[in-house]
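Overview (structure and organization)
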Amino acid sequence: MSEQINTIIRDISILYELSLSIGSSLDLKTNCDAFLKTLMARKGLTFASIWIYDEYVKGIEKSGRATMVYANPWSYINDRELPLTHPLFSAVRDTQSISLAYGQEGFSDIITEKGINKGAFAIFALMGIGVLKIYDMTRTEPFPQKELNQLAGIMAKFATSLEGCLFHEQVVREIAERKRMEEELLTARKLESLGILAGGIAHDFNNLLTVVLGNIELVNMKHEPGGTTYTRLEEARKAT
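What you see is a predicted model; the values in this text were computed from it and never measured. (Residues numbered from 1 in each chain as written. Predicted model: local features only at pLDDT ≥ 70, side-chain atom pairs only at ≥ 80, totals over all residues. Heavy atoms only, no water.)

Before going further, it helps to spend a moment on the layout of surface pockets. Roughly 210 Å³ of internal volume is contained in the largest pocket. Lining of the largest pocket is provided by Glu55, Tyr56, Gly59, Glu61, Ile129, Glu163, Leu166, Phe167, Gln170, Arg173 and Glu174. Taken together, the elements giving at least two residues each to the lining of the largest pocket come down to helix H3 (54-57) and helix H5 (145-220). Per-element accounting of the lining of the largest pocket gives the leading share, six residues, to H5. (1 Å grid on protein atoms, 1.4 Å probe; cavity = no way out; pocket = protein on both sides within 12 Å on 5 of 7 lines; lining within 4 Å. Points joined across faces, edges and corners; volume = space filled by probe spheres on them. Helix = DSSP H or I, 4+ residues; strand = E, 2+ residues; numbered from the N terminus.)

Turning next to the side chain of serine 97. The residue serine 97 is located in strand S4 (residues 97-101) in this model. The exposure class assigned to serine 97 is buried, which follows from its relative accessible area of 9%. If we skip the residues at most four places from it in the chain, serine 97 touches Val92, Ile123, Phe124, Gln145 and Leu148. (Buried < 20%, exposed > 50% of the residue type's maximum accessible area, 1.4 Å probe, protein only. Contact = heavy atoms within 4.5 Å.)

Below, the discussion takes up the sheet that holds strand S1 (residues 47-53). Within a beta sheet, neighbouring strands are joined by backbone hydrogen bonds and run either parallel or antiparallel to one another. Reading across the sheet, the six strands line up as S3-S2-S1-S6-S5-S4 and stay open at both edges, with antiparallel pairing between neighbours. In the strand order of this sheet, the two ends are held by strand S3 (81-83) and S4, each with one partner. Averaged over all pairs of adjacent strands, the angle between their axes in this sheet comes to 20°, without regard to strand direction. Note that S1 and strand S6 (residues 130-136) share six bridges and pair antiparallel. Note that in S6 the partner of alanine 48 across the bridge is isoleucine 134. (Pairing = 2+ DSSP bridges. Axes fitted to C-alpha atoms, helices over the stretch in contact; angles between N-to-C directions.)

Written as structure tokens, this is what we have:
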């Protein structure tokens, strides 16, 4: 009985610690670091990764793809983008979580990493925005359903924090894009003003030249063609 109580206390302690590690920052990587490093340390995990659907991470609707936004350690990484038809995503399409161990049907289908030939995976749906994948190379059996159920509530809270980070990144991108467009508009207005100014100067200068040209022609009418004065005035007229 005391061992069972100790197990319950340990599980509660882990869940409490994991809960405290969520939402430490609006920066996506910092938030993922705080939660997954705690999860990996407390559960003795080998690897963890987060995949987010492109409509949330890149703002591309109906792309049919997902992007890995976080992994620890990165040395396991093989694929960074996958179609949503991949078994990794279809595995939790109708359930909150699933676990598969080496040798079970479907285990090899969800491998997207390098050098995986043993152990067990657990995959959690992240509230419709993506999936979280954890791996323990020392396990010979799948993660027990009780453990998956205990983590499900924490994963839902973590998914909410991820939504906040993704929304924050979207706002930052929109602000940067708005600033870029405002700078382009300001540049265009400056060029337009410069064009109007140059056009006005050219118009005024043209009016002056018209007066000069008219007077040259009037003066030259009083001189005989071929004379020195006539020739010089003719050169001035052509230049004008």
